[in-house]
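# A closer look at the structure
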Amino acid sequence: EADIYQTPRYLVIGTGKKITLECSQTMGHDKMYWYQQDPGMELHLIHYSYGVNSTEKGDLSSESTVSRIRTEHFPLTLESARPSHTSQYLCASSEHGRNYGYTFGSGTRLTVV
Amino acid sequence: TQLLEQSPQFLSIQEGENLTVYCNSSSVFSSLQWYRQEPGEGPVLLVTVVTGGEVKKLKRLTFQFGDARKDSSLHITAAQPGDTGLYLCADINFGNEKLTFGTGTRLTIIP
């Protein structure tokens, strides 16, 4: 049973379109993250949040933006999609503390044509 | 910047065989986690190890943390097709609790 939900699962969109990838969690976690992953490759952190109205850029530079207006919701937006944005985007959340793992969503596979 | 190297990058073995995959860090791990990711899904946490020399078992999976906390191994006994997936090690930063992932080992178990 998933406690973190991402929509859509798959998205094919034309260059220049604005898109928003949705991520919601029901666990009440303060910390949320967005990772980018090319097929079969490692995950790279692009955005994270430690709570409402808190957002930070991750280790990998990204043209996307995020917002955190509600604890449970952490959407990611691309103002103008390009083919270089084609990738899988994974959302995760966690409790505070080093001994807690991340709970990941199933991801959104984005293809920009 | 911490670098987490995993080996081998790809591994394909027959069902029933044993295998070991490795994770090595350029610096001391704060707290090491192992995840498995199946195709089309997000990673799922398998285990967290904190103490150098620690060994944890999860059914047929044995996780070992190096004494110096710079390396770890995952051993699978009698591999099954359900073990197929991308195995990722990760370090959680002591200060900001961000996860840094390794390069991954893609494991395929052939029935």
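Everything quoted here is computed from the prediction, not taken from an experiment.

## Quick look at the sheet that holds strand β8 (residues 76-78) of chain A
All names here are of chain A.
- Spatial ordering of the open sheet is given by β1-β3-β8-β7, a layout of 4 strands whose pairing is antiparallel. Of all strands in the sheet, those with a lone pairing partner are β1 (4-7) and β7 (65-66), marking the two edges.
- By the bridge criterion, 2 bridges tie β7 to β8 in an arrangement that is antiparallel. Bridge assignment links Val-66 to a residue of β8, and that residue is Leu-76.

## Points about the side chain of Thr-108 of chain A
Residue and element names in this part refer to chain A.
- With respect to the helices and strands, Thr-108 occurs in strand β11 (residues 108-112).
- With a relative accessible area of 0%, Thr-108 lands in the buried category.
- Within the local environment of Thr-108, its side chain forms a polar contact with the backbone oxygen of Pro-8, the two atoms lying 2.5 Å apart.

## Here's the deal with the packing of aromatic side chains
- Within this structure, the stated rule accounts for 11 aromatic pairs over all chains.
- On the numbers, 4.2 Å between centres and 15 degrees between planes, the contact of Tyr-33 of chain A with Tyr-102 of chain A is stacked. Here Tyr-33 of chain A is found in strand β4 (residues 31-37), whereas its partner Tyr-102 of chain A is found in the loop between β9 (87-94) and β10 (103-104), with 69 residues between them in sequence. Grouping residues by exposure puts Tyr-33 of chain A and Tyr-102 of chain A together as buried.
- A ring pair is formed by Tyr-35 of chain A and Phe-101 of chain B, whose centres lie 5.4 Å apart and whose planes are at 90 degrees; its orientation type is edge-to-face. Here Tyr-35 of chain A is found in strand β4, whereas its partner Phe-101 of chain B is found in strand β10 (residues 99-101) on a different chain.
- Classification of Tyr-35 of chain A as buried rests on a relative accessible area of 1%.
- Taken together, the ring pairs in this structure connect Tyr-33, Tyr-35, Tyr-102 and Phe-104 of chain A together with Tyr-35 and Phe-101 of chain B into an aromatic cluster.

## Some details on the pattern of salt bridges
All names here are of chain B.
- Tallied over the full model, the rule gives 7 salt bridges over all chains.
- We note a salt bridge from Arg-60 to Asp-83, for which the minimum N-O separation is 2.9 Å. Residue Arg-60 is found in the loop between β6 (55-58) and β7 (61-65), and its partner Asp-83 is found in the loop between β8 (71-76) and β9 (85-92); the two are separated by 23 residues along the sequence.

## Observations concerning the layout of surface pockets
- Here the largest pocket defines a volume of roughly 460 Å³.
- Listing elements by their share of the lining of the largest pocket, those giving two or more residues are β5 (43-51) of chain A together with β1 (4-7), β9 and β10 of chain B.
- Its residues assigned to classes, the lining of the largest pocket comprises 11 nonpolar, 10 polar and 5 charged.

Conventions we followed
- Residues numbered from 1 in each chain as written.
- Chains lettered and ligands numbered in written order.
- Predicted model: local features only at pLDDT ≥ 70, side-chain atom pairs only at ≥ 80, totals over all residues.
- Heavy atoms only, no water.
- Pairing = 2+ DSSP bridges.
- Helix = DSSP H or I, 4+ residues; strand = E, 2+ residues; numbered from the N terminus.
- Buried < 20%, exposed > 50% of the residue type's maximum accessible area, 1.4 Å probe, protein only.
- Polar contact = N/O pair within 3.5 Å; in protein donor to acceptor, adjacent residues only side chain to side chain.
- Phe/Tyr/Trp six-rings, centres within 6.5 Å; stacked < 30°, edge-to-face > 60°.
- Salt bridge = Lys/Arg side-chain N within 4 Å of Asp/Glu carboxyl O.
- 1 Å grid on protein atoms, 1.4 Å probe; cavity = no way out; pocket = protein on both sides within 12 Å on 5 of 7 lines; lining within 4 Å.
- Points joined across faces, edges and corners; volume = space filled by probe spheres on them.
- Nonpolar A, V, L, I, M, F, W, Y, C, P; charged D, E, K, R; others polar.

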